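Topology and contacts: notes
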2 protein chains.
Amino acid sequence: MNRVVLEQKILSENDRMAGELRQRFQEHGVLCLNLISSPGAGKTSILERTLEGFTPLDRVAVLTGDIQTDNDAARLARFGFPVRQITTGGTCHLDARMVEAALTGWRLEDLDLLLIENVGNLVCPASYDLGEAAKIVMLSVAEGEDKPLKYPAIFFKSALMLLNKIDLLPHVPFDLAKARANAVHVHPQIEMIEISCTTGEGVDLWCKWLNDRRSLRPGFLDSSPL
Amino acid sequence: MNRVVLEQKILSENDRMAGELRQRFQEHGVLCLNLISSPGAGKTSILERTLEGFTPLDRVAVLTGDIQTDNDAARLARFGFPVRQITTGGTCHLDARMVEAALTGWRLEDLDLLLIENVGNLVCPASYDLGEAAKIVMLSVAEGEDKPLKYPAIFFKSALMLLNKIDLLPHVPFDLAKARANAVHVHPQIEMIEISCTTGEGVDLWCKWLNDRRSLRPGFLDSSPL
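A few points on the structure.

Rules behind the numbers
Residues numbered from 1 in each chain as written. Chains lettered and ligands numbered in written order. Predicted model: local features only at pLDDT ≥ 70, side-chain atom pairs only at ≥ 80, totals over all residues. Heavy atoms only, no water. Least-squares fit on C-alpha atoms with pLDDT ≥ 70 in both. Contact = heavy atoms within 4.5 Å. Salt bridge = Lys/Arg side-chain N within 4 Å of Asp/Glu carboxyl O. Helix = DSSP H or I, 4+ residues; strand = E, 2+ residues; numbered from the N terminus. Buried < 20%, exposed > 50% of the residue type's maximum accessible area, 1.4 Å probe, protein only. Expected span 1.5 Å × (residues − 1). Arc of directions from axis to C-beta. Buried area = accessible area lost by both parts, 1.4 Å probe. Polar contact = N/O pair within 3.5 Å; in protein donor to acceptor, adjacent residues only side chain to side chain. Nonpolar A, V, L, I, M, F, W, Y, C, P; charged D, E, K, R; others polar. Pairing = 2+ DSSP bridges. Right-handed = clockwise from strand over helix to strand, strands pointing away. Axes fitted to C-alpha atoms, helices over the stretch in contact; angles between N-to-C directions. Parallel < 35°, antiparallel > 145°, perpendicular 65-115°, else oblique. Phe/Tyr/Trp six-rings, centres within 6.5 Å; stacked < 30°, edge-to-face > 60°.

Details of the relation of the copies chain B and chain A
For these two chains of identical sequence, chain B goes onto chain A by a turn of 180° and a shift of 0.0 Å along the axis, with RMSD 0.0 Å. Each copy turns onto its partner about a two-fold axis. Same-surface contact between copies: 100% of interface residues of chain B are shared with the interface of chain A.

Regarding the pattern of salt bridges
Per the stated rule, a full pass over the model turns up 38 salt bridges over all chains. One salt bridge in this structure joins Glu13(A) and Arg16(A), with 2.8 Å as the shortest N-O distance. Separated by 3 residues within a single helix, Glu13(A) and Arg16(A) lie in helix α1 (residues 3-27), roughly one turn from each other. Owing to a relative accessible area of 37%, Glu13(A) belongs among the partly exposed residues under this scheme. Taken together, the salt bridges that share partners define one network made up of Asp66(A), Asp72(A), Asp146(B), Lys147(B) and Lys150(B).

Things to note about helix α8 (residues 203-216) of chain A
Residue and element names in this part refer to chain A. Given a rise of 1.5 Å per residue, 14 residues ought to cover 20 Å, and the 20 Å separating the end C-alpha atoms of α8 matches this to within 8%. Looking at α8, one finds that the buried residues are Val-203, Trp-206, Cys-207, Trp-209, Leu-210, Arg-213 and Arg-214. One side of α8 carries all its buried residues, which in axial view fall inside an arc of 155°. What points out from α8, more than 90 degrees from its buried face, is the exposed set Asp-204, Ser-215 and Leu-216. Taken together, the buried residues of α8 touch β1 (31-37), α2 (43-52), β4 (113-117), β5 (134-140), β6 (158-164) and β7 (191-194).

Details of the interface of chain B and chain A
Contacts between chain B and chain A engage 33 residues on the former and 33 residues on the latter. Summed over both partners, the interface of chain B with chain A buries about 2900 Å², with 60% contributed by carbon and sulfur atoms. Our enumeration of links across chain B and chain A arrives at 4 salt bridges. Our count for the chain B to chain A interface comes out at 9 residue pairs in polar contact (both at pLDDT 80 or more). Secondary structure elements with two or more residues in the side of chain B that touches chain A: α1 (3-27) and α5 (147-150) of chain B. In terms of residue class, the side of chain B that touches chain A is built from 16 nonpolar, 9 polar and 8 charged.

A word on the side chain of His187(B)
Summarising the element assignment, His187(B) is placed in the loop between α7 (176-186) and β7 (191-194). Only 3.0 Å separates the side chain of His187(B) from the backbone oxygen of Phe155(B), close enough to count as a polar contact.

Some words on the pairing of β7(A)
All names here are of chain A. In this sheet, β7 lies alongside β6 in parallel orientation, the contact comprising 4 bridges. Bridge pairing in β7 places Met-161 opposite Met-192. In this fold, β6 hands off to helix α7 (residues 176-186), which returns the chain to β7; that crossover is right-handed.

Quick word on the packing of helix α2 (residues 43-52) of chain B against helix α8 (residues 203-216) of chain B
All names here are of chain B. It is the contact of α2 with α8, at a shortest axis distance of 11 Å, that shows an interaxial angle of 75°. What the angle tells us is that α2 and α8 run roughly perpendicular. Contacts between α2 and α8 involve Ile-46, Arg-49 and Thr-50 from the first element and Val-203, Trp-206 and Leu-210 from the second. Residue classes in the contact of α2 with α8 are distributed as 4 nonpolar, 1 polar and 1 charged.

A few points about the packing of aromatic side chains
Think of a pair of aromatic rings as described by two things: how far the centres are apart, and how the planes are tilted against each other in angle. Residue and element names in this part refer to chain B. Throughout the structure, instances matching the rule amount to 4 aromatic pairs over all chains. Measuring from centroid to centroid gives 6.1 Å for Phe-54 and Phe-81, while their planes differ by 85°, and the two rings are edge-to-face. One end of the pair, Phe-54, is in the loop between α2 and β2 (60-66); the other, Phe-81, is in the loop between α3 (71-77) and β3 (83-87), with 27 residues separating them in the sequence. In this structure, Phe-54 and Phe-81 share a single accessibility class: buried. Between Trp-206 and Trp-209 the ring centres are 5.9 Å apart and the planes differ by 20°, which places this aromatic pair in the stacked class. Pair noted here: Trp-206 and Trp-209 are both in helix α8, with a separation of 3 residues, about one helical turn. According to the relative accessible area criterion, Trp-206 is buried, its value standing at 2%.

Remarks on the environment of Glu145(B)
All names here are of chain B. Considering the arrangement of structural elements, one finds Glu-145 in the loop between β5 (134-140) and α5. Put simply, Glu-145 and Glu-194 are 49 residues apart on the chain and 13 Å apart in space, counted from C-alpha to C-alpha. Residues contacting Glu-145, with those up to four places away along its chain left out, are Pro-173, Phe-174, Asp-175, Lys-178, Ala-179 and Asn-182.

Notes on the sheet that holds strand β2 (residues 60-66) of chain A
All names here are of chain A. Pairing is parallel in the open sheet, where 7 strands are placed in the order β3-β2-β4-β1-β5-β6-β7. With one partner strand each, in any of the chains shown, β3 (83-87) and β7 form the two edges of the open sheet. Looking at each pair of strands side by side, their axes are set apart by 20° on average, direction ignored. Here β2 runs beside β3; their pairing, made up of 5 bridges, is parallel. For Val-62, the partnering residue across the bridge sits in β3 and is Val-83.

Description of the sheet that holds strand β1 (residues 31-37) of chain B
Residue and element names in this part refer to chain B. The 7 strands are arranged β3-β2-β4-β1-β5-β6-β7 in an open sheet whose pairing can be described as parallel. Among the strands making up the open sheet, the edge pair consists of β3 and β7. Each strand of the sheet is rotated relative to its neighbour by a mean of 20°, with strand direction disregarded. Its contacts with the sheet place α7 against β6 (158-164) and β7, and it is angled at close to 155° to β7.

As C-alpha cells, this is what we get:
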C-alpha cells in the first residue's frame, strides 16, 4: 500500500468517526467548534476571554490539544468549566479518535457548547474533521496578511476568521484591507471579526457571534462549503 | 502495513536520501542550513536581510518551500542570487526528495552556501532531514515564550534559535528570560540570537554567526545532538 492510498484510508476512517461524533453532538444539542491557528496566534487567550464572560449556568466544556505540556488546560481550568488536555505526543493535529476518547465520562446532555482548541498548526488540522459544526481560523496580525493565500485549505474550510492582536497594528507591517481581500479570495463566504485578546477590543463581537450560533444550535453551518 | 510502520519506512527512506544530499554538500564544500518556524515568524524577511548584505561574489543559493504560491521566491529573487520555490501542494514540510529535485541543473561546485526556507510549521519539518549541516529555528516574540516547551522537537534539533521581532517587545507580553530558559531546558547547547528584521537590530550578529560557519564549511555541526 503506498503512502497516498494509506493517507486516504486514514482520512476516510477519520471522516467516519467524525460523522458519528457530529451525530452525537446534534442529538444532544451541542454546538462544537474547532479553533485552528499557527502557534502563538492566541487560541488559548480567546478561550480565556470567552470563558471569563460565562456564568456557572453556561453549559460549556473545552478540549485543548498540544504536542506536549498541559499548560493550556491549566490556564483554562481556573474558570470552573470542564477542561481536558489532549496531548498528542508528537502528532501535528487532533483527529476524531482523540476527541472521542477525550469525551469519555462527560455527559453530552449536560452541554450545549464544546470548544476545541486544535494543535498550533495552519496546515495539517485542516484535513481532519472532528465532528465540529464549524472550523474557526485565527490569524494574528504579526503573521502577515498573505497567510490566507499561503495556507488556503484552512481559510477555505473555516466559517469565521478571527483576526487577533489588532492592538499591534500600529507596530507591524500588516495591510488590513489586503488581509480581508486575501481571505475573501480564498473563501468568499468567510466571516471576519477583528479582536485583541490583550485589550479586549472586538471580543464582544466574537461573543455575540458565538451566542447567536448557540441559540441556533448544531447544524447551523450545514451549508458550509466542506 | 499499519500507519506507524509506514511512517517509519517513509522517514527511513528520507534519511537515506538526506544522507546522500549531505555527502554531496560536503564533497562540494556547500554549507546547507534548514530554516524552520511558524507561519509569519519572519523566515523570508531574514533571508532578505541576509541576501542584501552579500555581494555578487558570494556563492549562495536559496530554496524556499510553501504549500501554495511562489511569493517568497519572488521576494528573494530580486537580490540576483539563484532562488527556487518548492511548492508542496498541500504537504506540510519539505523532504529530501523535494530538495534533491529542486537542485536539478544547479552546479554545487559554484556554491558555498545553500539556505533552505522550510514550510511554515513548527511540527512536521522537525522530522524530515534535508541533508542540512544544521537546522535553525526562528521564533517571533509575538508567539509567546512557551513555544520551546510546546514544540520541543524542533528546538532540540536546532543548533540556533533566532528570536525575531524584538522591536515588538514593548508591545507584547513576552518574557525574554523565560523564553531563553525554556529553550535551554529543551536543548542546553542551543545558541540564541535576538533580531528584528524590521529595524535590522541583531542582523549583524546573525550574519557573523553565518559567516563564521561558512568559513568552517560543512561538518561543523557533526557533534549536534541529532
